[in-house]
Structure formats: C-alpha cells, structure tokens
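Take a look at the letters that make up each chain.
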Amino acid sequence: QGKRYANYLQFFKRIGVVPLTPLLMDLIKLTEGYRTDKDIMKELLECFHLLQSFVSRRVLAGIPPQQLRSTVSSIPRELSAYTKNCTVENLRQYRQKLEKLLVAKGAERFPTDAALLSNVNRDLYNRTGKKESLFVVIWELQRALSREDEANSIPAYGVAENAFSIEHVLPQGTKKNDKDQEVMDSEWRKLWDFWKVKDPELQFMSTAHSIGNLTLLQNPVNSIASNTVFAKKIEIYKENTRLKLSDSIILEDRSSLEPLPCSKPNL
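Here the residue numbering is sequential within each chain, running from 1 through the sequence in written order. Where local features are concerned, this predicted model is filtered to residues with pLDDT of at least 70; where side-chain atom pairs are given and counted, the filter is 80 or more; whole-chain, interface and lining totals use all residues. Only hydrogens and water are set aside when side-chain values are computed; all heavy atoms of the structure are taken into account.

## Considerations on the overall build of the chain
Basically, it comes down to this: Going along the chain from the N terminus, every DSSP run of H or I of four or more residues is numbered as a helix, and every run of E of two or more is numbered as a strand. With a 1.4 Å probe rolled over the protein chains alone, any residue whose accessible area is under 20% of its type maximum counts as buried; one over 50% counts as exposed, and the rest are partly exposed. The contact definition used throughout considers only heavy atoms, calling two residues in contact when any of these lie within 4.5 Å. Note on charges: Lys and Arg go in the positive column, Asp and Glu in the negative column, and His and the chain ends are not counted at all. Positions of charges follow a simple convention, taking NZ of Lys, CZ of Arg, CG of Asp or CD of Glu.
Of regular secondary structure, the chain possesses 13 helices and four strands. Overall, the chain is about 75 × 35 × 35 Å in size when its C-alpha atoms are taken along their principal axes. Taken across its 267 residues, the chain has 44% of its residues classed as buried. Within the chain, counting contacts between residues at least 6 apart in sequence, those at least 24 apart form 69% of the total. Between the mean site of the 39 positive side-chain charges and the mean site of the 33 negative ones, the chain shows a separation of 4 Å.

Set out below in structure tokens:
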C-alpha cells in the first residue's frame, strides 16, 4: 500500500494538475501519522483513485486543462467538515461527498463512460495539452493491464535515450498537403487500398491521433518503428517491448496484413 501511495503521488505530480493541490494536501495532512493503519490507508487510496479517475477521464476526453481550476476551486471548502479528524468513517464520507460533487459537475467536466465512448476517435495527441499528461494516463492503462508494473514508478518521458515516448501505430503523417493537413504515409496508403478501407483520407485524419492508435515505446525503438508498415511494426514490437499495451498488435493475424502475389484481400 505504501508503494501504491507513492505511485499515486507521482501520478499527480507528473500529470501536472496544480488545481488539485489543495485537495491532495488536505488528504495528506489529514492522514499524517495514521498511514500505518491499514483501514485508513485503504480509504485514502480510494480517495486518490477517485481523483485519478477524474483527471484521467478529462485527459481521455480532451478537455482543456484550463477548465480544471474553476471545476474544483470550491470543493476543499465544501469538504472541510471531513478533514478535522482522521477516522475511517470521515475518509469514507469525504470520498462519497467528493464523488457527488464531481459527478454533479456534469459529463462535460467529469466524463462518464458513455461520454468517453461517444467519440473514441477524438484527437488526444494534439488536444490534450501537455503531452506528458497523455503519456502518464497511457502508462496507467499499461499498469492496469500488467501486474508486473503495479509496483513500478512511471518511467521517464522525453528525448533522453532510455526514455519512453508516445508511438503512433498508424504513422501520424509525413508531410502537409496544400490544405495544411497531415498526409498519410504512402506505404500505409497502399496497404489501406489493399484492405479496401473506405474513405482512407477521412479515416486517417479521424483516427491517427486517437487512443486506439497510441502505445508507448522507448525512444530507440520508436525511431526504428517510425513509419514502417504494420507487419514490420509487429515484429519490432515483438522483439523490443514487453508492454501489455502492444499485445493485441503483436498477436494480430499477419496473413491478412500484406498483399501477396495473386492473392485476394482477406476481408
């Protein structure tokens, strides 16, 4: 539980949600000296989990981070009655009241499952704001899939050689056309023609930066993967990454991925 506590704090620090600081500090100060109590720690982690869900859903919905301050500014004051004495019941009531206050803000501020699923192809890569915030959320998806990563801290993100970066499975585009739009990589376009994808340009623009097209790779591997075609990317992922996020890609049936001489598309 101590490791989970540290991972939650690292998550909030790395995702850069300064307006949540008063809420987090209230919880940290309230439980100071009590965190060796198993039941207290359990309720505290549930509070952290709620706040993590709140900010993660906002990132996945592409909500501008500027709106966060106005959303949470009055909440610490409304919860002050529960931050005077550290008891399991107080923490439970704090969490329940916090959840009600956040849900009351509406799906446009605390996205529901339905709100997230209503537009799964939304552009997260360019509209999230801070790229590291998106990276941190994607890493939490990886952590949820892998018991091995449950106790691991969030890895480095950025340009350092051993750092991770966000990988587009379908390359995000190699140049701009006369309308200043990203243009699909030519080799991938040939594959899409083979796969008989309807309206490839429209499909490319609407899916390239969506959550389903994003995974994580260490920088040297990302450079190797670059704009290579899907079948080659599968081999690169298979040989160079152990992330569960990429398992569904690695396990893809290769027989239908590339055109063969005298072959018919496997539709």
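Back to the write-up after that little detour.
## Things to note about the pattern of salt bridges
To keep things clear, this is the line we draw: In what follows, salt bridge is the name for a side-chain nitrogen of Lys or Arg lying within 4 Å of a carboxyl oxygen of Asp or Glu.
One pass over the structure, following the stated rule, counts twelve salt bridges. Where arginine 95 meets glutamate 43, a salt bridge forms, and the shortest distance between an N and an O atom there is 3.3 Å. Residue arginine 95 is located in helix 6 (residues 88-103), and its partner glutamate 43 is located in helix 3 (residues 38-61); the two are separated by 52 residues in the primary sequence. Per residue, the accessibility class of arginine 95 equals that of glutamate 43, and both read buried. Glutamate 89 is paired through a salt bridge with arginine 92; the nearest N and O atoms lie 2.9 Å apart. A residue pair is termed a helical-turn pair when its members lie 3 or 4 positions apart in one helix, as glutamate 89 and arginine 92 do in helix 6 at three residues. The network of salt bridges with shared partners includes Glu43, Glu89, Arg92 and Arg95.

## Some words on the packing of aromatic side chains
How two aromatic rings sit relative to each other is given by the distance of their centres and the angle of their planes. Worth spelling out the cut-off: Two aromatic rings from Phe, Tyr or Trp, using only the six-membered ring of Trp, form a pair when their centres are within 6.5 Å; if the ring planes differ by under 30 degrees the pair is stacked, by over 60 it is edge-to-face, and anything between is tilted.
In total, this model carries nine aromatic pairs according to the counting rule given. An angle of 45 degrees between the planes, with centres 6.0 Å apart, marks the rings of tryptophan 188 and phenylalanine 230 as tilted. Note that tryptophan 188 is positioned in helix 9 (residues 186-194) and phenylalanine 230 in helix 12 (residues 230-240), a separation of 42 residues in sequence. The burial state of tryptophan 188 is the same as that of phenylalanine 230; both residues are buried. Here a set of aromatic residues connected by ring pairs shows up, and it is made of Tyr5, Tyr8, Phe11, Phe12 and Phe48.

## Here's the deal with helix 2 (residues 21-31)
Keep this limit in mind: In this context, the arc is that of the directions from the helix axis out to the C-beta atoms.
Looking only at helix 2, the buried set comprises Leu23, Leu24, Leu27, Ile28, Leu30 and Thr31. Along the long axis of helix 2, the arc covered by the buried residues comes to 165 degrees, so they all point the same way. Considering only its buried residues, helix 2 is in contact with helix 1 (2-15), helix 3, helix 5 (75-78) and helix 6. Following helix 2 by one or two positions, glycine 33 has its phi on the positive side, about 85 degrees.

## Overview of the pairing of strand 4 (residues 214-218)
Note the threshold: Being paired, for any two strands, means DSSP has found at least two bridges between them.
Across the five residues of strand 4, four count as buried, placing the element largely inside the fold. When strand 1 (residues 164-168) meets strand 4, the two strands line up antiparallel, connected through five bridges. Bridging from a neighbouring strand, histidine 168 pairs with leucine 214 of strand 4.

## Things to note about the state of the cysteines
Applicable threshold: Only a pair of cysteine sulfur atoms within 2.5 Å qualifies as a disulfide here.
All told, the structure shown has zero disulfides when counted by the stated rule. The thiol sulfur of cysteine 47 is not disulfide-bonded, and the nearest other cysteine sulfur, from cysteine 86, lies at 10 Å. Overall, the relative accessible area of 0% leaves cysteine 47 in the buried class. Given the relative accessible area of 13%, cysteine 86 is considered buried.

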